[in-house]
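Commentary on secondary and tertiary structure
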Amino acid sequence: MSKSQYPPCLREALSGFNVKPTGNVEWDRAILDRCKRGQQSALSSFTKLSPVIDKIQREVAKANAVSYDLADPDNYKAHVELFIAIANNIVLAPQRRHFEIDDHNKQVLRFLMYYFNGCPLAEEVFPGRGYKLHKNILLQGGVGVGKTMLMQVFAEYLRRTGNPRAFFNVSVTQMVNYYTIHNNIDRFLYNEEGSTGFKINPVNLCLNDIGVENRPFYGIDTLTIVNDFLHARNEIWTTSDVDRKCAHLTTNLTIEQLKQLFEQKDGYGRIIDRFKTYNIIPITGQSRR
């Protein structure tokens, strides 16, 4: 909660008892209640734990920080221009292509720009679809419509602006190749190599082109590896602390095709249910290649 959202009356009431607010409204109200009742023993217990609450507040604030205030139209326009410059001069330059904004991707670009900067306006871009800031991204559309390219540019844009929501772009082929070398895909999941105890170090990822190819690879098929990836990353997403790590996806398949595909490996429907943790965003149009 920002300082502007914290109730001024609560701050004033606490100051009357010489108590410093932690910033957590529920906790501070509980302390105020003890103060008013004169429960010194209980107040002492709360006071001793206040530094813990204070640390939690800082962690939450950091995780939910809005990188830039894109609610300001001028800021939004500037960031879009930066995005286009990165696309044209870095990501698409080797192909001698330029990024084009049209009716097929304009609103998707707006949503993703708001989303990756933690701007609540993201949830208003597509009314009725139920898109949320806390969910992962799944871009769905035909071959060549610009799904992977969009995520490539955003990955570069987020990295260069120092955004904590920055992610690595990886392909299913790359992940399968890693599996053939290491006999696991830990780097794409919990990233426990070199850690101590049970500490995990997952990173934000975007896995591109899921469901496109399924072929045996050293005794295991691609679909099995992707299935394991989705299970593990969903577990990471649901059990992680305030610094939630995301695993975004792109696919050429429709949602119905994805359901049919993954039901082959998951008879319990767990993977299908976990697609509910994604903002499933269709991109229309013809191939841009």
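Below, the structure is looked at part by part.

Cut-offs used in this document
- Residues numbered from 1 in each chain as written.
- Predicted model: local features only at pLDDT ≥ 70, side-chain atom pairs only at ≥ 80, totals over all residues.
- Heavy atoms only, no water.
- Phe/Tyr/Trp six-rings, centres within 6.5 Å; stacked < 30°, edge-to-face > 60°.
- Helix = DSSP H or I, 4+ residues; strand = E, 2+ residues; numbered from the N terminus.
- Buried < 20%, exposed > 50% of the residue type's maximum accessible area, 1.4 Å probe, protein only.
- Lys NZ or Arg CZ within 6 Å of the ring centre and 35° of its normal.
- Contact = heavy atoms within 4.5 Å.
- Patch = residues over 30% accessible without salt bridge, like charges linked within 9 Å, V, L, I, M, F, W, Y side chains within 5 Å.
- Areas by Shrake-Rupley, 256 points an atom, 1.4 Å probe, with all protein chains shown as cover.
- Salt bridge = Lys/Arg side-chain N within 4 Å of Asp/Glu carboxyl O.
- Pairing = 2+ DSSP bridges.
- Axes fitted to C-alpha atoms, helices over the stretch in contact; angles between N-to-C directions.
- Right-handed = clockwise from strand over helix to strand, strands pointing away.

1. Remarks on the packing of aromatic side chains
- Counted by the stated rule, this structure contains 15 aromatic pairs.
- Note on tyrosine 115 and phenylalanine 116: the rings are 4.9 Å apart at their centroids and 80° apart in plane angle, and the pair reads as edge-to-face.
- Ring geometry for phenylalanine 116 versus phenylalanine 154: centroids 5.3 Å apart, planes at 40°, classification tilted. One end of the pair, phenylalanine 116, is in helix 5 (residues 106-116); the other, phenylalanine 154, is in helix 7 (residues 147-160), with 38 residues separating them in the sequence.
- Under the relative-accessibility criterion, phenylalanine 116 is labelled buried at 1%.
- Feature note: the residues Phe83, Phe99, Phe111, Tyr115, Phe116, Phe126, Tyr131, Phe154, Tyr157 and Phe167 constitute an aromatic cluster, connected by ring pairs.
- Above the plane of the ring of tryptophan 237 lies arginine 244, whose end atom (NZ or CZ) is 4.1 Å from the centre.

2. What to know about the environment of valine 125
- For valine 125, the position within the fold is in helix 6 (residues 122-125).
- Residues valine 125 and tyrosine 6 lie 119 residues apart in sequence; the distance between their C-alpha atoms is 28 Å.
- Contact partners of valine 125, with chain neighbours within four places excluded, come to Gln107, Arg110, Phe111 and Tyr114.

3. Comments concerning a nonpolar patch on the surface
- A grouping of Leu49, Val52 and Ile56 is seen on the molecular surface, where their side chains present a nonpolar patch of about 250 Å² in accessible area.
- Following the sequence through the fold, isoleucine 56 ends up in helix 3 (residues 40-63).

4. Re the environment of arginine 11
- Mapped onto the elements, arginine 11 comes out in helix 1 (residues 8-15).
- Take arginine 11: its relative accessible area is 37%, and that puts it in the partly exposed class.
- Spatially, the C-alpha atoms of arginine 11 and asparagine 183 are 56 Å apart, while their sequence positions differ by 172 residues.

5. Some remarks on the pattern of salt bridges
- One pass over the full model with this rule turns up four salt bridges.
- A salt bridge links arginine 159 to glutamate 156; its shortest N-O distance comes to 2.6 Å. One end of the pair is arginine 159 and the other is glutamate 156, both in helix 7 and three residues apart, which spans about a single turn.
- Taking the shortest distance from any N to any O, the salt bridge between glutamate 156 and arginine 160 comes out at 2.7 Å.

6. Here we look at the sheet that holds strand 7 (residues 278-283)
- Taken in spatial order, the five strands line up as 2-3-6-1-7 in an open sheet, and their pairing is parallel. Taken across any chain shown, the strands that pair with only one partner, and hence form the sheet edges, are strand 2 (168-171) and strand 7. Strand-to-strand twist across the sheet, computed as the mean angle between neighbouring axes with direction ignored, equals 20°.
- Packed on one face of the sheet, helix 9 (residues 222-239) meets strand 1 (136-141), strand 3 (205-208), strand 6 (247-251) and strand 7 and runs near 145° to strand 6.

7. Brief notes about the pairing of strand 2
- Pairing between strand 2 and strand 3: four bridges, direction parallel. Counted as the bridge partner of phenylalanine 168 is leucine 205 from strand 3.
- Following the backbone out of strand 2, through helix 8 (residues 172-182) and into the adjacent parallel strand 3, one traces a crossover that is right-handed.

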